[in-house]
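# Structural description and commentary
This is what each chain is made of:
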Amino acid sequence: MRVRDYITQTLKKHKMHMTLIDPAKQSARVSGEIAAKACRAGTDAIMVGGSTGVTQENLDETVEQIKRACKLPVIYFPSGANVISRKCDAIYFMSMLNSRNVRNVSGEHARGAPMIKKLGIEPISMGYVIVEPGMKVGEVGEAELVKRGDLNTLIGYAIATEFFGMDLLYLEAGSGAPEPVPVPMVKAARESVDIPLVVGGGIVTPKQAADLAAAGADIIVTGTLVENDDFEDRLKRIIDMVHEG
Ligand code: 1GP
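Here the residue numbers are simple positions, counted from 1 along each chain's written sequence. Only residues with pLDDT of at least 70 get local features here, since the model is predicted, and only at 80 or more are side-chain atom pairs given and counted; chain-wide, interface and lining totals rely on the full set of residues. For the side-chain quantities, the full set of heavy atoms in the structure was used; hydrogens and water were omitted.

## Remarks on the packing of helix H7 (residues 183-192) against helix H8 (residues 206-215)
- Contact geometry of H7 with H8 gives a least axis separation of 8 Å together with a crossing angle of 30°. Put simply, H7 runs roughly parallel to H8. The handedness of the crossing between H7 and H8 comes out as right-handed. On H8, the residues that touch Val183, Val186, Lys187 and Arg190 of H7 are Asp211, Leu212 and Ala215.
- Think of it as three bins: nonpolar holds Ala, Val, Leu, Ile, Met, Phe, Trp, Tyr, Cys and Pro, charged holds Asp, Glu, Lys and Arg, and polar takes everything else, Gly as well. Partitioning the contact of H7 with H8 into residue classes produces four nonpolar, no polar and three charged. Angles shown run from 0 to 180 degrees and are taken between the N-to-C directions of axes, each axis being a line fitted to C-alpha atoms and, for helices, limited to the stretch in contact. A run of H or I in DSSP becomes a helix once it reaches four residues, and a run of E becomes a strand once it reaches two; helices and strands are each numbered from the N terminus. Any angle from 65 to 115 degrees is called roughly perpendicular, while one under 35 is roughly parallel, one over 145 is roughly antiparallel, and all others are oblique. By definition, turning the near helix anticlockwise from the far helix through less than a right angle yields a left-handed crossing, and turning it clockwise yields a right-handed one. A contact between two residues is defined here by any heavy atoms of the two lying within 4.5 Å.

The following block contains the structure:
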């Protein structure tokens, strides 16, 4: 089954949780162990990527270990066209809509698309919108950050994403953000569009995940959480909240 169909089918049953693993943060072997634990905790898919330090070598090794460790779809979450995983099941073909640099909006995409097509990797299109504080991805992506609470700007990007015909809308506060995207912003985006809404960045507690799911997030992403030892219990509680939401 194509990953996009897997997402559509799963969302008919329950909201989803995806675990983001950054190949630059630990060895490929440890990434495989993280994936196995996340899988046991009930996550619905594994995303692989990071803003800096991802190389063809660490990416390929990481994906290989993850695929050995669990049977879930593995989706590449790229930061540019320089490195493309041929071993992933799909790639987020994501445009950072609020970047000041056209490379991040469509330039890297034009560079990478022919290779993605040649390799036969499934692209899943996504409007990627960075909300304050944006953290590293906001910085390297040269994002004109959407201010926390600026509903009008956010709604504009949300509707634009849908009008572009993209599969998903991702609201990103940045990995390691002290607070996730505010609940009213998630609600505003949800009320503006019908496409699945992904929310990530700074989500570390079950309550945050539950509140964001209740506000209308369809897919909750957590990354930093799994970089700590003993994350399994907390991750499971977050995932349970998302699945109930
Ligand atoms: C980052 O939204 C993801 O792109 C995950 O963020 O690392 O803060 O969970 P965290």
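## So, the site of the ligand
- One heavy atom within 4 Å of a molecule or strand is enough for the residue carrying it to be called near that molecule or strand. In the vicinity of the ligand, 14 residues are found, and the nearest of them are Glu172, Ser175, Gly176, Gly223 and Thr224.
- Between the ligand and the protein, one listed contact pairs an oxygen atom with a backbone N or O atom of glycine 176 at 2.7 Å.
- With respect to the ligand, the backbone of glycine 201 contributes an N or O atom lying 2.9 Å from an oxygen atom.
- A 1.4 Å probe and the Shrake-Rupley method give the accessible areas. Residues count as covered only by the protein chains that appear here. Against a free-state accessible area of 310 Å², the protein chains account for coverage of 96% of the ligand. Definition of a polar contact: a pair of N or O atoms within 3.5 Å, with one able to donate and the other able to accept a hydrogen when the atoms are protein atoms, and with sequence-neighbouring residues admitted only if both atoms are side-chain atoms.

## What to know about the nonpolar core
- Among the nonpolar cores identified, the biggest contains 79 residues, and Met18, Tyr92, Leu171 and Val199 are the most heavily contacted of them.
- Non-local contacts of leucine 171, meaning those with residues more than four positions away in its chain, are made with Val129, Leu154, Val181, Met185, Val186, Ala189, Leu197, Val198, Val199 and Gly200. Among buried residues, those of type Ala, Val, Leu, Ile, Met, Phe, Trp, Tyr and Cys that are joined through side-chain atoms within 4.5 Å constitute a nonpolar core. Any residue under 20% of the maximum accessible area for its type is buried, any over 50% is exposed, and the rest in between are partly exposed; the area is computed with a 1.4 Å probe on protein chains only.

## A closer look at the sheet that holds strand S4 (residues 90-96)
- Taken together, the eight strands give a closed barrel; going around it, the order is S1-S2-S3-S4-S5-S6-S7-S8, and neighbouring strands pair in parallel fashion. Between one strand axis and the next, the sheet turns through 30° on average, direction left out of account.
- With two bridges joining them, strand S3 (residues 74-76) and S4 adopt parallel strand pairing. Residue tyrosine 76 lies in a different strand from S4, and its bridge partner there is isoleucine 91.
- Its contacts with the sheet place helix H3 (residues 56-69) against strand S1 (16-21), strand S2 (45-48) and S3, and it is angled at close to 170° to S2. Pairing between strands is defined by DSSP: at least two bridges between them are needed.

## Let's talk about helix H6 (residues 151-163)
- Taking 1.5 Å as the rise per residue, H6 with 13 residues should run 18 Å; its terminal C-alpha atoms sit 18 Å apart, in good agreement.
- Of the positions making up H6, those classed as buried are Leu154, Tyr157, Ala158 and Thr161. On an axial view of H6, the arc spanned by its buried residues comes to 100°, and they lie on one face. Along H6, exposed side chains directed more than 90 degrees from the buried face belong to Asn152 and Phe163.
- Its buried side turned inward, H6 meets strand S5 (122-130), strand S6 (168-172) and H7.
- Phi turns positive, to about 80°, at glycine 165, one or two residues after H6. Multiplying one less than the number of residues by 1.5 Å gives the expected span of a helix. The arc in question is the one spanned by the directions pointing from the helix axis to the C-beta atoms.

## Let's talk about the packing of aromatic side chains
- Here a pair means two rings of Phe, Tyr or Trp (six-membered ring of Trp) with centres within 6.5 Å. Their orientation is stacked below 30 degrees between planes, edge-to-face above 60, and tilted elsewhere. If you walk through the whole model with that rule in mind, you get four aromatic pairs.
- Ring centres of phenylalanine 77 and tyrosine 170 lie 5.6 Å apart, and the angle between their planes is 20°; this geometry places the pair in the stacked category. Here phenylalanine 77, found in the loop between S3 and S4, pairs with tyrosine 170, found in strand S6; they are 93 residues apart in sequence, far enough to count as distant.
- You can call phenylalanine 77 buried: its relative accessible area is 8%.
- Accessibility expressed as a relative area gives 1% for tyrosine 170, which makes it buried.
- Ring centres 5.1 Å apart and planes at 90° place the aromatic pair tyrosine 128 and tyrosine 170 in the edge-to-face group. Of the two residues, tyrosine 128 sits in strand S5 while tyrosine 170 sits in strand S6, which places them 42 residues apart along the sequence.
- Note on tyrosine 128: relative accessible area 4%, which makes it buried.
- Feature note: the residues Phe77, Tyr92, Tyr128 and Tyr170 constitute an aromatic cluster, connected by ring pairs.

## Thoughts on the environment of lysine 117
- Mapped onto the elements of the fold, lysine 117 is located in helix H4 (residues 102-119).
- On the basis of relative accessible area, lysine 117 is assigned to the exposed category, the value being 73%.
- Spatially, the C-alpha atoms of lysine 117 and glutamate 139 are 29 Å apart, while their sequence positions differ by 22 residues.

Worth remembering: the numbers are spatial, not functional.
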